[in-house]
Amino acid sequence: MPVSRENLFRASFLAAFAAAVLILISISLSQTLLAISLALLFASRHRPLRVPGMWLPLALFLVGTLLALVFSPSPLHGLPQLRKMFVFSTLLVVSSAFSAAAAVRLFVTWGALEASIAIFGLAQFVSRLHSAYVQHSNIYLAYLNARFAGSMSLPITFAGQDMVVLLVLLAYVLFGLRPDRRIERLAASAGCGLIALVLLANGTRTVWLGCAAGGVWLLWCWKRWVAVLTPALLVILLWAIPGPVHDRFRSIFRPQQNVDSNEFRVICIKTGIRMIEAHPLLGIGLDETKYHFLDYLPADTPRPLPPGFYQHLHNFYLQYAAERGIPTLLMMIWMLLSIIRDFHRALARLTEERREERFLLYAGIATVIGIMVSGLFEVNLGDSEVLTVFLVVISCGYLAVDQTRRGQQARVQPASTLSNANLSAAD
């Protein structure tokens, strides 16, 4: 018995929803379900395929990436990066299979799942610090060596995902809930608190900065006095309360030599600039920064090199320009700024009552801000797990843009019809 197109489309949506949830737990399961959803979507042909409005700069960015691979001195080195291009199919799947209501359900699920993981992370944090205290170990070094990574391979990957979920959940509390939904607001606020605490315990300073930028913007759009007082209060607490989190926060300004990563990041910046100067148009090649880092190391760099991970440049702007060329980097920046512009314009057309769309748009802008700020110190969009959650949020934001546009057209069309009718009557 043949399966109907509608059932295939429904199966595609379920697979896409599961893929979007499981990216917080397992990238292999998530990408398998993403591939299944994509195949079912093409097979169903139930609705026209939709792509987000920033498709042009994205397409040019992907073309630039392919050119960087073709003209790379060792194209085989770049194949792992090329496989990551499959992740961008998330945009097509979510835009075509989801509705705005489904997007809200997904983000509430994200918040509940990540808050549950945060409870485990905080318990682990306390347990490990207690063990270090009992063993008279260096508390700060024990904290750095045992940073919580959840089910991800690296603490910074977990933190990047957690940042996106926190900003989305905060937007939900501020703009997505009606005032009478007190219990739901309380639960979502508690989830925000747990996720924020585990991010502090995780100690990824780049994500702290991204969360601060996106969070302050959301608070500014909500109540400006809260946006002014909250960061000041947090800084005072982090600076005043002793402990490893305090030491980690202080290391932004006063790093411990050969312990914190400030020194090696400066070396990465200087080396990346030299790579860009030598290969401004097409870059040095995909993933070639790890193989040629020492070739572009400034001659006056002190040896031995400070401890650090020297296989990429820890700045996605420098990384994309160095390995893909300045034009390709500009396409990525164009794409990110286009998202903010499109979402801001849609927000300007919305009324207070359209909470679903407002939430998705505010969440999208906050996420882009967080990614762009934390990207100054990490190649966050080069990480498939972080890139996937970012693309899901952006796709859902464009669902709200489309829904807003359709609503506006529906309001304009009856008025136009009425005017034509009046003219006919006058004739």
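Along each chain, residue indices are assigned from 1 in the same order as the chain's sequence is written. Local features are withheld for residues below a pLDDT of 70 in this predicted model, meaning they are given only at 70 or higher, and side-chain atom pairs are given and counted only at 80 or more; totals for whole chains, interfaces and linings count all residues. Side-chain descriptors were evaluated using all non-hydrogen atoms of the structure, hydrogens and water having been removed beforehand.

Chemist: An account of the packing of aromatic side chains is requested, with residue identities and associated values reported.
Modeler: To describe a pair of aromatic rings, one takes the distance between the centres and the angle between the planes. Pairing of aromatic rings covers Phe, Tyr and the six-membered ring of Trp, with a centre-to-centre limit of 6.5 Å; geometry is then stacked below 30 degrees between planes, edge-to-face above 60, and tilted otherwise. Evaluation of the coordinates by the stated rule reveals 22 aromatic pairs. What links up through ring pairs into an aromatic cluster is the set Phe61, Phe88, Phe316, Tyr317 and Tyr320.

Chemist: Break down helix α11 (residues 224-240) for me, with residues and values.
Modeler: Residues lying three or four places apart along an α-helix face the same way, a consequence of the helix completing one turn every 3.6 residues. Numbering goes from the N terminus for both helices and strands, where a helix is a DSSP run of H or I of at least four residues and a strand is a run of E of at least two. Helix span, as expected, comes to 1.5 Å for every residue beyond the first. Taking 1.5 Å per residue as the helical rise, α11 with its 17 residues ought to reach 24 Å, and the 25 Å between its terminal C-alpha atoms agrees with that figure. Burial classification: accessible surface area is computed with a 1.4 Å probe over protein chains only, and a residue below 20% of its type maximum counts as buried, one above 50% as exposed, and the rest as partly exposed. By the burial criterion, the buried members of α11 are Val226, Ala227 and Leu238. Seen end-on, α11 carries its buried residues on one side only, within an arc spanning 100°. Residues of α11 that are exposed and point over 90 degrees away from its buried face: Arg224, Trp225, Val228, Leu229, Leu233, Ile236 and Ala240. Contacts between residues were defined by any pair of non-hydrogen atoms, one from each residue, lying within 4.5 Å. Tucked into the core, α11 has its buried residues touching α9 (182-202), α10 (205-222) and α12 (244-250). Note: the arc covers the axis-to-C-beta directions of the helix.

Chemist: Please set out the nonpolar core residue by residue, giving values where relevant.
Modeler: Note on terminology: a nonpolar core comprises buried Ala, Val, Leu, Ile, Met, Phe, Trp, Tyr and Cys residues joined through side-chain atoms within 4.5 Å. Phe98, Phe107, Trp110 and Phe390 are the most contacted members of the largest nonpolar core, which has 105 residues in total. Residues within four places of Phe390 in sequence aside, it is in contact with Leu336, Ile339, Thr367, Val368, Ile371 and Leu381.

Chemist: Got a sec to walk through the environment of Ser153? Specific residues and values, please.
Modeler: Position of Ser153 relative to the elements: it lies in the loop between α7 (139-145) and α8 (155-176). The class of Ser153 is exposed, set by a relative accessible area of 61%. In this structure the C-alpha to C-alpha distance between Ser153 and Ser26, which are 127 residues apart in sequence, comes to 9.9 Å.

Chemist: Quick rundown of helix α5 (residues 89-97)? Include the residues and the values.
Modeler: Burial analysis of α5 places 9 of its 9 residues in the buried class, which makes it a mostly covered element. For α5, the full list of buried residues reads Ser89, Thr90, Leu91, Leu92, Val93, Val94, Ser95, Ser96 and Ala97.

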